[in-house]
Amino acid sequence: MKRYLLLWLTLTSALLLGVAAFNLLVDPYRLFHLIDKPGFNVTKPKADAHGAMVKAYQVLYLQPQGLILGNSRAEYGLDPEQTAWPTSARPVFNMALPGKSTETSLRYLQHVLASAEGSQTRKPRVVIWGIDFMDFLVDANAHRLTAAANQDDYRLLTNPDYLRREFNL
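All of the points below concern the structure found in this document. Model, not experiment: these values are computed from the prediction. (Residues numbered from 1 in each chain as written. Predicted model: local features only at pLDDT ≥ 70, side-chain atom pairs only at ≥ 80, totals over all residues. Heavy atoms only, no water.)

### Regarding the overall build of the protein chain
Applicable threshold: Elements are defined by DSSP. Helices are runs of H or I of four residues or more, strands are runs of E of two residues or more, and each kind is numbered from the N terminus. Residues are treated as being in contact if the distance between any of their heavy atoms lies within 4.5 Å. Only the protein chains shown count as cover for residues, with accessible areas throughout obtained via the Shrake-Rupley method and a probe of 1.4 Å.
A count of helical and extended segments in the protein chain gives 5 helices and 3 strands. Sequence-ordered secondary structure for the protein chain, helices as α and strands as β, is α-α-β-α-β-α-β-α. In the protein chain, the share of contacts with a sequence separation of at least 24, taken over all contacts with a separation of at least 6, comes to 64%. Carbon and sulfur atoms make up 61% of the accessible area of the protein chain, which totals about 11200 Å².

And the structure:
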């Protein structure tokens, strides 16, 4: 019985480690950047569906000098690869999230700035923020309550009052 349990524990551990290693190599949300091989893991079809999660982690990895914030108009309308960006603003990261509010963009900007506080991380030198007139036609207090309850917020380094959380990503 003891031998059976040891064999079962060993095989289960090996299987779990194998699945974790495969997930690390495939990198479905482009978080680790260990291998980018065409035909294997370059295309990330599900990453767009989880933009809030993916962008919160990718911006920490990239440490951009230029940052694009806003909603879908900024996400699809402003190209971070455009050659018109000044050299001092590169790399540029498009952190705009479709369907999100100005409050959410502010939270993500706070997240980026908090990652640079007291560390080797650079703060962005250029921030382009796409703001729509419609964003200002809502009750600010109602917006704050929904922003505080957002499920994606736990990935950010700050809370809604710009207080730094006590953990590192």
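### Re helix α1 (residues 2-26)
Applied cut-off: To estimate how far a helix should extend, the number of its residues minus one is multiplied by 1.5 Å.
Counted at 1.5 Å a residue, the expected span for α1 with its 25 residues is 36 Å, and the 36 Å between its end C-alpha atoms agrees. Positive backbone phi, approximately 50°, marks aspartate 27, located one or two places after α1.

### Considerations on the side chain of asparagine 94
Operational definition: Definition of a polar contact: a pair of N or O atoms within 3.5 Å, with one able to donate and the other able to accept a hydrogen when the atoms are protein atoms, and with sequence-neighbouring residues admitted only if both atoms are side-chain atoms.
Within the secondary structure layout, asparagine 94 lies in strand β2 (residues 92-94). Among the polar contacts made by the side chain of asparagine 94, one reaches the main-chain carbonyl oxygen of alanine 74 at a distance of 3.3 Å. Here glutamate 75 takes part through its backbone oxygen, which lies 3.0 Å from a polar atom of the side chain of asparagine 94. Setting aside residues up to four positions removed in sequence, asparagine 94 forms contacts with Lys55, Ile68, Ala74, Glu75, Leu78 and Pro80.

### Things to note about the sheet that holds strand β3 (residues 126-129)
For clarity, the cut-off: Criterion used throughout: strands pair if DSSP finds at least two bridges between them. Helix axes are fitted only over the stretch in contact, all axes being lines through C-alpha atoms; the angle between N-to-C directions runs from 0 to 180 degrees.
In spatial order, the strands read β2-β1-β3; together these 3 strands make up an open sheet with parallel pairing. The sheet is open, and its two edges are formed by β2 and β3, each paired on a single side. Strand-to-strand twist across the sheet, computed as the mean angle between neighbouring axes with direction ignored, equals 15°. Bridge analysis of strand β1 (residues 66-69) against β3 gives 4 bridges, and the strand direction is parallel. The residue of β3 that forms the bridge with glycine 66 is valine 126.

### Structural notes on the nonpolar core
We apply this condition: In this description, a nonpolar core means a group of buried Ala, Val, Leu, Ile, Met, Phe, Trp, Tyr and Cys residues linked to one another through side-chain atoms lying within 4.5 Å. Here's how the labels work: a residue is buried when its accessible area is under 20% of the maximum for its type, exposed when over 50%, partly exposed in between, all with a 1.4 Å probe on protein chains only.
In terms of nonpolar packing, the biggest core is built from 12 residues, these being Ala52, Ala56, Val59, Leu67, Leu69, Phe93, Met95, Leu97, Tyr108, Leu109, Val112 and Leu156. Taken together, the elements giving at least two residues each to this core come down to α2 (51-62), β1 and α4 (102-116). Not counting residues within four places of it along the chain, the set of residues in contact with valine 112 comprises Val59, Leu67, Met95 and Pro124. Membership of the second largest hydrophobic core comes to 6 residues, among which are Ile68, Ala74, Trp85 and Ala96.

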